[in-house]
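Architecture and fold: a report
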Amino acid sequence: MNDFPERDLPPGRHHLLKEHLLTEIRQKRNENSRKVWFRPALVAGAVAATVVAGVLVASPFGDRAAQAGPPSKETVRMLEEIAAAAKAQPAPKGLRDDQFVYIRTKERYMESGSDEKSRIQPLHVREYWNSVDGRHTEVINDRVDGFDHERLPPDPPLVEGNSHYRSLQKLPTDPVNMRDWLYRVATGGESKDQNAFVQVGDMCGALMPPKQAAALYLAASTIPGVEVRGDAVDAVGRHGVAITRENDGQRQELIFDKKTKQFLGERQVAVEDLPTGFKKGTVTAHTAVLERVVVDKAGRRP
């Protein structure tokens, strides 16, 4: 039986834009009944829509990979290596429900300003204390987005697809069932394949249990349109190999260390001139995961 209710806001949907999700979080301060999921490290790294005069407008480019065949042997082989590395990682020992996963990133995103013009944020540090069981008050520190150690009280019941470690432990450990889960949970206005890939990206920044992480990457190797790129750079200049997919005129890149195969960060690159005014080749979103560790209290740094 499903332990989670149907969610009213799909978690981490890239096409909603970062500020749209952050607006929902701000509303949570005064609307305790509103269920809001907050992406732990990469809130909306793959921006695939624009907000014009307060209306969500889809990009005209569409999902170019929608008609693509299965990933190449090279892509599958790389994701198998990433999965093997993830499975070999030790799981946290003695993890308690009242603890938090501290995630520190550097990031910047495309956003629309009060003048309705799109711009790229300055690169900045973001900290998030993610409750292990989702039932303890969390903290976010991101002053560029207006959060100065903002407290986020729990708002149960939890939604399926959230990033809390106890929820992630309930996910499938085999790639077939993980793929079924991805396609069932991943919702949004894009193709089913793109929605599934977005969901993979949403989960990369979380602290994942090893077996579930391995299943996630193996499931990703079956999504049509997914490709491998030999070199990509995260937000702090670290080079890695990227697992990518193109949609709505942009290429979403999930970047992994070439040697350790650990997740480094995410990049979004325009592959066409965009209706937001950004030219082909512009990096419209950039992140780097700098630290991800368990701590005893929200707001406490390692």
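A brief structural summary. (Residues numbered from 1 in each chain as written. Predicted model: local features only at pLDDT ≥ 70, side-chain atom pairs only at ≥ 80, totals over all residues. Heavy atoms only, no water.)

**Digging into the packing of helix 2 (residues 73–88) against helix 6 (residues 210–220)**
- The N-to-C vectors of helix 2 and helix 6 enclose an angle of 175°; their axes lie 7 Å apart at closest approach. In terms of their interaxial angle, helix 2 and helix 6 are classed as roughly antiparallel. Of the residues in helix 6, those in contact with Leu 79, Glu 80, Ile 82, Ala 83, Ala 86 and Lys 87 of helix 2 are Pro 210, Ala 213, Ala 214, Tyr 217, Leu 218 and Ala 220.
- In terms of residue class, the contact of helix 2 with helix 6 is built from ten nonpolar, no polar and two charged. (Axes fitted to C-alpha atoms, helices over the stretch in contact; angles between N-to-C directions. Helix = DSSP H or I, 4+ residues; strand = E, 2+ residues; numbered from the N terminus. Parallel < 35°, antiparallel > 145°, perpendicular 65-115°, else oblique. Contact = heavy atoms within 4.5 Å. Nonpolar A, V, L, I, M, F, W, Y, C, P; charged D, E, K, R; others polar.)

**A closer look at the nonpolar core**
- Grouped together as the largest cluster of nonpolar side chains are 34 residues, with contacts concentrated most on Leu 182, Val 200, Met 203, Leu 216, Tyr 217, Ile 243 and Phe 256.
- The element best represented in this core is helix 6, accounting for seven residues.
- If we ignore the near neighbours within four places in the chain, the residues touching Val 200 are Leu 182, Leu 216, Ala 220, Ile 223 and Leu 254.
- Judged by nonpolar contacts, the second largest core, of six residues, contains Val 101, Ile 103, Val 132 and Leu 207. (Core = buried A, V, L, I, M, F, W, Y, C linked by side-chain atoms within 4.5 Å. Buried < 20%, exposed > 50% of the residue type's maximum accessible area, 1.4 Å probe, protein only.)

**Looking at the packing of helix 4 (residues 175–185) against helix 6**
- Orientation of helix 4 relative to helix 6, taken along the N-to-C sense of each, is 75°, at an axis distance of 8 Å. In terms of their interaxial angle, helix 4 and helix 6 are classed as roughly perpendicular. Of the residues in helix 6, those in contact with Pro 175, Met 178, Arg 179 and Leu 182 of helix 4 are Gln 212, Ala 215, Leu 216, Leu 218 and Ala 219.
- Across the contact of helix 4 with helix 6, the residue classes break down as seven nonpolar, one polar and one charged.

**Re the pattern of salt bridges**
- With the rule as written, the count across this model stands at 15 salt bridges.
- Where Arg 96 meets Asp 98, a salt bridge forms, and the shortest distance between an N and an O atom there is 2.9 Å.
- Look at Asp 98 and you get partly exposed, because its relative accessible area is 34%.
- The salt bridge involving Glu 127 is made with Arg 301; its shortest N-O contact spans 2.6 Å. Taken together, the residues span a long stretch of sequence, with Glu 127 in strand 5 (residues 124–131) and Arg 301 in the segment after strand 12 (283–295) at a distance of 174 residues.
- On the accessibility criterion, Arg 301 (45% relative accessible area) is partly exposed. (Salt bridge = Lys/Arg side-chain N within 4 Å of Asp/Glu carboxyl O.)

**What to know about the pairing of strand 3 (residues 100–112)**
- Pairing of strand 3 with strand 5, which is carried by eight bridges, proceeds in the antiparallel orientation. Paired with Phe 100 across the bridge in strand 5 is Ser 131.
- Bridge count between strand 3 and strand 12: ten bridges; the pairing is antiparallel. The residue bridging Phe 100 from the neighbouring strand is Val 295, located in strand 12.
- Of the pairings in the sheet, the one linking strand 3 to strand 4 (residues 118–120) comprises three bridges and is antiparallel in character. Among the inter-strand pairings, Ser 112 is bridged to a residue of strand 4, identified as Ser 118. (Pairing = 2+ DSSP bridges.)

**Quick notes on the pairing of strand 9 (residues 239–247)**
- Burial runs high along strand 9: seven of the nine residues are buried.
- Examined bridge by bridge, strand 8 (residues 227–233) and strand 9 share five bridges and lie antiparallel to one another. The residue bridging Val 233 from the neighbouring strand is His 239, located in strand 9.
- Hairpin connection, strand 8 to strand 9: the antiparallel pair is bridged by five residues, and Gly 237 has positive phi, about 90°.
- In terms of strand pairing, strand 9 meets strand 10 (residues 250–257) through eight bridges, oriented antiparallel. Bridge pairing links Asn 247 to Gln 250 in strand 10.

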